[in-house]
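Each chain, letter by letter, is given below.
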Amino acid sequence: MAERKIMLGNEAIARGAYEAGVKVSAAYPGTPSTEISENIVKYPEIYAEWSPNEKVAMEVAIGASISGVRALASMKHVGVNVASDPLYTISYAGVSGGLVLVAADDPGLYSSQNEQDTRCVARAALVPVIEPSDSAEAKEFVKFAFEVSEKYDTPVIVRTTTRLSHSQGVVELLDRVEPADKTYERNPAKYVMMPGNAKGRHVYVEQRMKKLSEDGASFAINRAEYRDTSIGFITSGIPYQYVREACPGASVLKLGMVHPLPKKLIEEFAAKVEKLYIFEELEPVIEEQVRAWGIDVIGKEVFTVQGEYSANLLRRVVMGEDMHLAEAEKTPARPPILCPGCPHRSVFSVLNKLKIHAAGDIGCYTLGAVAPLHVIDTTVCMGASISTLHGMEKAKGKDYIKNWVAVIGDSTFMHTGVNSLMNMVYNQGTGTVLILDNSTTGMTGHQDHAATGKTLMGEVVPAINIYHLCKAMGIAHVQEIDAFDLKELERAIKEETKRDAVSVIITKAPCVLLKGNVFPNVCRPVPEKCKKCGACLRPGCPALTKKADGAIAIDTTMCNGCGLCQKLCAFDAIACEKK
Amino acid sequence: METKNIMIVGVGGQGTLLTSRILGGITVRAGYDVKLSEVHGMAQRGGSVVTFVRYGSEVAEPIVEEGCADVLIAFERLEALRYAHFLKKDGVIVVNDWRIEPITVVTGAAAYPENIIEKLSEKHRVYAVNAMEEAEKLGNVKAFNVIVLGLAARHMDFDKGLWLEVIAETVPPKTVDINQKAFLIGYEKENGYDME
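Quick caveat, the model's predicted, so the values are computed rather than measured.

Draft legend 1. Inspection of the overall build of chain A at higher detail. Assigned secondary structure in chain A consists of 19 helices and 23 strands. Its C-alpha atoms give chain A a radius of gyration of 27 Å, near enough to 25 Å, the size a compact globule of 579 residues would have. In terms of its C-alpha atoms, chain A occupies a principal-axis envelope of roughly 80 × 65 × 55 Å. For chain A, with 579 residues in total, the buried portion stands at 59%. Partitioning the contacts of chain A with sequence separation of at least 6, the portion at a separation of at least 24 is 74%. Summing over all exposed atoms, chain A offers an accessible surface of approximately 22900 Å²; the carbon and sulfur share of this is 53%. Considering chain A, the positive charge centre built from 64 side chains and the negative charge centre built from 68 side chains are found 4 Å apart.

Here you go:
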């Protein structure tokens, strides 16, 4: 009997890639997709890399496919935007070895800046989308996606969501079947997408999507489950599970391929059920198409386009059950915060003191936007901090940004920030850029990148030096400062924001959660010296609390001994000593 | 078997993922179908985190919905209060009697509720343990979550021996002994504090 194992959705996707014989995998970390690559790298048969961004990852996978092997790229939904340039065009060119893009959507915005639906991108890019409903399907559907890719000469998107990627279920492990590498043959009409060739390929692409829609009626992953026919659901992915939970007696058309839709199958199902619901999270992608075919359905007029669905939603809306749910107690919110000992807190305490605004970026440091730090004013997308600051300057003049900086992490800087900095230099900006270098991609759980000196596969490689990279762009004022050296930081930020030239301050200290990081010290209050002024509490370290009498307490199980609170205390009322 | 719904709630960084791995492991070993749902990413940075575990003959959705939880395992008092409305009528709360102030309390924007355990006991069966204190006595404060799990194990369908086996298979080899001891501390408490 095959081994049964409980696997995270993302782990099952990785297993699917392994069993499908994938040879190359490329990705940039992003919640909820990160664990795909972290599991793929456990299979020595697969070359796996962190690329600097999703566009590069997609192109690496494309190259591998053209050369004749199966290749996978994985990324979060907003990463697909970065990769959309190659995606839209490889859709025309098609593949040699199978090419699958795993796109992880985030309904409910657990860890994202928007709630976009990758199916909309796929529809515009003319790329088929396959969507599993649990870990077991995730593994099998990835394998099927490779078959579709090769048979229909198309990249295929496997769409997952946070709930699927970060849920675990039981999976049966099968052997890896590695298809023979295809021989490379030069074929510019297919792989050189200049206007004349692309025109021809566009004709092919339209035929391909039509054929897929027809053939989809007989794909095993699209399945009509007939039970009571007074209510029918068309659904896919995780929402299928909610339907099974809340309405076990209802008929269901479970779609494994959500683009293009199998028209014949849907028409058949619609004819057999009396009341037809379309139950899909986020955008009405299935619904709009089905309505356009003149089929009467109930969809977004009763189900929201926002957030995650649930079985209780169906019980309420479809079954008309009075739920008698207890009300939630009123409780103080517990939003995520920077960790005790986080170097970002130290840098932000200086910005806060100097009343400097920051154009922010994507990473843990986005948390500097909220109480009590209040230093990040804008966050748009990866790499946007430097370019938005530049835009402000060009709109309002260089004096306007004298109390502004751009704040970006090391991994985000390598992702796309570097382009924005080139632009600032080229177009004669005068902004001050803070690169918060914590030697890792922190928020997503510590992945390496081009400036850390280590690859996903664990090889030690020369690290790209951020200081020299900035110098090479011709920036005269670049300096590296210890992220906990408050005096130096204050001096540098004051000096550089005044300067009529681009300047870069690289603040350095490793992420506190980085493996191998040791904390020899711990901070303790010295009660007899405490004036109860609250200066140490201002940066919002979670290890510090104010006691009823106004004095402070430090939770030594949380404290990492960074010493920020000690430096902020004017009365020596905090001692940081060896543990 | 009807699906059993377990929730593990706590503060990001408290190690909810390890506990859910042990729980997931034991359900598979016992031959059940199981689904778990976790929170990764931003919320793990000190935010409120929830893990759902559902096991039975056949499990569809991976989440536990409001009004459906059989057991709520809380690693912190405020988090027990936050999710208590997820419990079924006869659901059970197993709570680590410990306070971690959220940033909203630290900055003075909100007050930490007093007498949480007493309040919860008015409506639910509550089993409490100061697992931090117990873990410190044991010599490793990090093992507190396995103590809480041990107490919660009394409300699930698995033998003590199987729990110990699965713990041995799940935790890093060097920590097997301490985690098994921690589990037994919770398990032997059976009823936690006397809430009368």
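Draft legend 2. Structural view of the overall build of chain B. Per the secondary structure count, chain B includes eight helices and six strands. For chain B, the sequential pattern of α-helices and β-strands runs β-α-β-β-β-α-β-α-α-β-α-α-α-α. For chain B, whose C-alpha radius of gyration is 16 Å, the value lies close to the compact-globule estimate of 16 Å for 196 residues. Within the span of chain B, comprising 196 residues, buried residues form 64% of the whole. Approximately 7600 Å² of chain B is accessible, and the part contributed by carbon and sulfur atoms is 47%. The positive charge centre, built from 21 side chains, and the negative charge centre, built from 28, are 3 Å apart in chain B.

Draft legend 3. Focus on the interface of chain B and chain A. Tallying the contact residues gives 47 residues for chain B and 49 residues for chain A. Interface of chain B and chain A: buried area, both sides summed, is about 4200 Å²; carbon and sulfur atoms make up 60% of it. Between R334(A) and E79(B) there is a salt bridge whose closest N-O contact spans 2.5 Å. For the interface between chain B and chain A, the tally reads 19 residue pairs in polar contact (both at pLDDT 80 or more).

Draft legend 4. Representation of the environment of S25(A) within the structure. With respect to the element layout, S25(A) can be found in strand β2 (residues 24-27). With a relative accessible area of 0%, S25(A) lands in the buried category.

Draft legend 5. Representation of the packing of helix α1 (residues 9-19) of chain A against helix α6 (residues 135-151) of chain A within the structure. Residue and element names in this part refer to chain A. Between α1 and α6, the shortest axis-to-axis distance is 7 Å and the interhelical angle comes to 30°. Accordingly, the angle class assigned to the pair α1 and α6 is roughly parallel. Between α1 and α6 lies a crossing of right-handed hand. Facing α1, whose interface residues are G9, A12, I13, R15, G16, A17 and E19, α6 presents S135, A138, K139, E140, V142 and K143. Its residues assigned to classes, the contact of α1 with α6 shows five nonpolar, three polar and five charged.

Draft legend 6. Summary view of the domain arrangement of chain A. Residues and elements named next belong to chain A. Per the domain assignment, the segments of chain A are domain 1 (4-216), domain 2 (223-317), domain 3 (343-508) and domain 4 (521-578). Centre-to-centre, using C-alpha coordinates, domain 1 lies 32 Å away from domain 3. Each partner contributes residues to the interface: domain 1 has 18 residues there, and domain 3 has 16 residues. Three residues stand out in domain 1 for area buried against domain 3, namely Y28, W50 and Q113, and they jointly supply 39% of the buried area on that side. Where domain 1 touches domain 3, the interface holds zero salt bridges.

Draft legend 7. Inspection of the packing of aromatic side chains at higher detail. Residues and elements named next belong to chain A. Considering all chains together, one arrives at 18 aromatic pairs over all chains under this definition. Relative to F269, the ring of Y226 has its centre 5.5 Å away and its plane inclined at 35°; by these criteria the two rings are tilted. You can see Y226 sitting in the loop between β9 (223-225) and β10 (228-235) and its partner F269 sitting in helix α11 (residues 263-272), a full 43 residues away along the chain. Classification of Y226 by relative accessible area gives partly exposed; the value is 36%. Using a relative accessible area of 0% as the deciding quantity, one classes F269 as buried.

Draft legend 8. Examining the sheet that holds strand β13 (residues 275-279) of chain A more closely. Residue and element names in this part refer to chain A. Across the sheet, which stays open at both edges, the four strands sit in the order β9-β11-β10-β13 with mixed pairing between neighbours. The open sheet terminates on both sides in strands that have one partner only, identified here as β9 and β13. For this sheet, the mean angle separating the axes of adjacent strands, direction not counted, is 15°.

Draft legend 9. Summary view of the state of the cysteines. Residues and elements named next belong to chain A. Enumeration according to the criterion identifies one disulfide over all chains in this entry. The side chain of C523 participates in a disulfide bridge whose partner is C576; the two sulfur atoms lie 2.2 Å from each other. Between C523 and C576, the S-S dihedral sits near 95°, and the bridge is therefore right-handed. Taken together, the residues C523 in strand β20 (residues 521-525) and C576 in strand β23 (residues 574-578) connect sequence positions 53 residues apart. For the residue pair C523 and C576, the accessibility class agrees, reading buried in each case. Unpaired in terms of disulfides, C364 finds its nearest cysteine sulfur in C511, a separation of 6.5 Å.

Draft legend 10. Representation of the pattern of salt bridges in the model. By the definition in use, this model includes 55 salt bridges over all chains. The closest approach of N and O atoms between R99(B) and E101(B), which form a salt bridge, is 2.8 Å. When its relative accessible area of 33% is taken as the criterion, R99(B) is described as partly exposed. Connected through salt bridges with shared partners, the residues D105(A), D117(A), R119(A), E131(A), R159(A) and E280(A) form a single ionic network.

Draft legend 11. Inspection of the side chain of H415(A) at higher detail. Locating H415(A) in the fold gives a position in helix α16 (residues 410-426). The residues touching H415(A), leaving out its near neighbours within four places in the chain, are Y28(A), P52(A), N53(A), E54(A), V82(A) and M382(A).

Draft legend 12. Representation of unusual backbone geometry. Residues and elements named next belong to chain A. Of note, the bond from T31 into P32 is cis; its omega dihedral lies within 30 degrees of zero at 10°. Structurally, P32 is set in the loop between β2 and α2 (34-40). Residue P372 follows A371 across a cis peptide bond; omega there is 0°. Its identity is not glycine, yet L282 carries a phi of approximately 65°, on the positive side. Note on placement: L282 falls in the loop between β13 and α12 (285-292). Judged by its relative accessible area of 1%, L282 falls in the buried class.

Draft legend 13. Up close: the sheet that holds strand β1 (residues 4-8) of chain A. Spatial strand order, β1(A)-β8(A)-β2(B)-β3(B)-β1(B)-β4(B)-β5(B)-β6(B): eight strands in an open sheet with mixed pairing. Only two strands of the sheet have a single partner each, and these edge strands are β1 of chain A together with β6 (125-129) of chain B. Taken pair by pair, the neighbouring strands of this sheet meet at an average axis angle of 20°, ignoring direction. Sheet analysis places strand β1 (residues 4-11) of chain B next to strand β4 (residues 69-74) of chain B, joined by four bridges and oriented parallel. Looking at β4(B), one finds that I6(B) is bridged to V71(B).

Draft legend 14. Region of interest: helix α14 (residues 343-353) of chain A. Residues and elements named next belong to chain A. For α14, the buried fraction is high: nine of the eleven residues fall into the buried class. If you check which residues of α14 are buried, you get P343, H344, R345, S346, V347, F348, S349, V350 and L351. Each element contacted by the buried residues of α14 is listed here: β15 (376-378), β16 (404-409), β17 (432-437), α18 (486-498), β19 (503-508) and α19 (564-568). At the C-terminal side of α14, K355 shows a positive phi close to 55°.

Draft legend 15. Just the side chain of T412(A), in detail. All names here are of chain A. Within the secondary structure layout, T412 lies in helix α16. Among the polar contacts made by the side chain of T412, one reaches the main-chain carbonyl oxygen of I362 at a distance of 3.0 Å. Side-chain polar atoms of T412 contact the side chain of Y365, separated by 3.1 Å.

Rules used in this analysis
Residues numbered from 1 in each chain as written. Chains lettered and ligands numbered in written order. Predicted model: local features only at pLDDT ≥ 70, side-chain atom pairs only at ≥ 80, totals over all residues. Heavy atoms only, no water. Helix = DSSP H or I, 4+ residues; strand = E, 2+ residues; numbered from the N terminus. Rg over C-alpha atoms; globule rule 2.2 N^0.38 Å. Buried < 20%, exposed > 50% of the residue type's maximum accessible area, 1.4 Å probe, protein only. Contact = heavy atoms within 4.5 Å. Areas by Shrake-Rupley, 256 points an atom, 1.4 Å probe, with all protein chains shown as cover. Lys, Arg positive; Asp, Glu negative; His and termini not counted. Charge placed at Lys NZ, Arg CZ, Asp CG, Glu CD. Buried area = accessible area lost by both parts, 1.4 Å probe. Salt bridge = Lys/Arg side-chain N within 4 Å of Asp/Glu carboxyl O. Polar contact = N/O pair within 3.5 Å; in protein donor to acceptor, adjacent residues only side chain to side chain. Axes fitted to C-alpha atoms, helices over the stretch in contact; angles between N-to-C directions. Parallel < 35°, antiparallel > 145°, perpendicular 65-115°, else oblique. Left-handed = near helix turned anticlockwise from the far one by under 90°. Nonpolar A, V, L, I, M, F, W, Y, C, P; charged D, E, K, R; others polar. Domains from an automatic or database assignment. Phe/Tyr/Trp six-rings, centres within 6.5 Å; stacked < 30°, edge-to-face > 60°. Pairing = 2+ DSSP bridges. Disulfide = S-S within 2.5 Å.

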